[in-house]
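# Overview (structure and organization)
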Amino acid sequence: MIKKTPKGQPSTAEPILQELAQEHELPRLIMEHRTLSKLKSTYTDKLPEMIQKTGRIHTSYHQAITATGRLSSTDPNLQNIPIRSTEGRRIRQAFVAPKGYKLVAADYSQVELRIMAHLSQDPGLLDAFTKDADVHKATAAEVFDVSLEDVTTEQRRRAKAINFGLIYGMSAFGLAKQLGIGRPEAGKYIKRYFERYPGVQQYMENTRESAKEKGYVETIYGRRLYLPDIKAKNAMMRQAAERTAINAPMQGSAADIIKRAMINMHDWLAETDLDVKMIMQVHDELIFEVAEKDLDAAQKKIVDIMQNSSQIDVPLLVEAGVGGNWDEAH
DNA sequence: GAGGGGAGCGCG
DNA sequence: AAAGCGCGCTCCCCTC
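About the cut-offs
Residues numbered from 1 in each chain as written. Chains lettered and ligands numbered in written order. Predicted model: local features only at pLDDT ≥ 70, side-chain atom pairs only at ≥ 80, totals over all residues. Heavy atoms only, no water. Phe/Tyr/Trp six-rings, centres within 6.5 Å; stacked < 30°, edge-to-face > 60°. Helix = DSSP H or I, 4+ residues; strand = E, 2+ residues; numbered from the N terminus. Buried < 20%, exposed > 50% of the residue type's maximum accessible area, 1.4 Å probe, protein only. Lys NZ or Arg CZ within 6 Å of the ring centre and 35° of its normal. Salt bridge = Lys/Arg side-chain N within 4 Å of Asp/Glu carboxyl O.

A separate point is the packing of aromatic side chains. This structure, assessed with the given rule, holds five aromatic pairs. Pairing Phe144 with Tyr189 gives two aromatic rings, centres 5.0 Å apart and planes at 80°, and the pair type is edge-to-face. Of this pair, Phe144 sits in the loop between α6 (135-143) and α7 (153-167) while Tyr189 sits in helix α9 (residues 183-196), placing them 45 residues apart in sequence. Judged by centre distance (5.2 Å) and plane angle (50°), the rings of Tyr216 and Tyr226 are tilted. With Tyr216 in strand β4 (residues 216-218) and Tyr226 in strand β5 (residues 224-226), this residue pair connects regions lying ten residues apart in the sequence. Its relative accessible area of 13% is what places Tyr216 among the buried residues. Residue classification places Tyr226 among the partly exposed positions, given a relative accessible area of 48%. Among the aromatic residues, those joined into a ring-pair cluster are Tyr193, Phe194 and Tyr197. Geometry around Trp326 places Arg92 over its ring, the cationic atom sitting 4.1 Å from the centre.

If you want it as structure tokens, here you go:
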């Protein structure tokens, strides 16, 4: 079965090749070539050319580009440095601390799901985060109706896909495709989820309604995203706007939270005697360069500022790692 | 030679 | 008919 692009050409998109790879050797080789040539052309070849007089690569951050309030990063984009593949990680390993220094990477744990708990006030979700439970595991136990101890790796993986899917406004169709299961089964999972977390379902419905009524959605700190297409006659346009309406308060509130932390971080950095610099932001993560002698004190303060710059109805948890390079710091 | 747009793919 | 949010960069093809 050859899938076509909108222009009628045979599609060579990744998921299609994945399927074709079951039967043929070539698609796998094409995928492998794409991965490696992407890494080479975008990172391995380019980044060394971008080293400045300082001996460093300096990105530009833009504060007024994204619809949700995130920063964006260009020339080079340091918010898409590889991490998911082992070959890719070798590029991340090239980001190193100077002698006598270490990198500290501090990231918010599941911040968007925590915001979903806050916004929806769903008792089950609030409870999971308040108890600092493994939220994907807890979701698996609810959706698959097993005890926490009996959750399998596969069930946890599926629950994780459900949790992410919800943040993006995904349908049963999308979940089925994501998990490689049938649509009816995916529909069952979603139904179970909403039975167990009714506050979340209510929140989703309220958000769609409110977006239609007001023409915008907003973050917990009140930044708005206007959605003119929410009333579109074209169902595809309208549904896309509805998914944006669901996602934007969570993604946008997460952006607000890290921005507040960065402002407080700046104030602390201006007054502290510790040898520490804030050098990068990657959406839910801040990276610092810290003198080895100040590591413990700095790490503690960094986590403290990130966790306490905003208050929502569940704890904000920050996990910090230390390493000689950016990969190790994770 | 510059710039637009699509396909594809890197990240959260 | 489409079906998962938000970005930026490279490659390729096309137009001006």
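Applying the stated criterion to the full structure yields 18 salt bridges. The partner of Arg158 in a salt bridge is Glu154, with the nearest N and O atoms 2.8 Å apart. On the criterion of helical spacing, the pair formed by Arg158 and Glu154 is a turn pair, its members being four residues apart in helix α7. Note on Glu154: relative accessible area 35%, which makes it partly exposed. Across the pair Arg208 and Glu242 runs a salt bridge whose closest N-O atoms are separated by 3.8 Å. Of this pair, Arg208 sits in helix α10 (residues 198-214) while Glu242 is found in helix α11 (residues 235-271), placing the two residues 34 residues apart along the sequence. Among the residues examined, Arg208 registers a relative accessible area of 32% and is labelled partly exposed. Through salt bridges that share partners, Glu142, Asp145, Arg192 and Arg196 make up one connected network.

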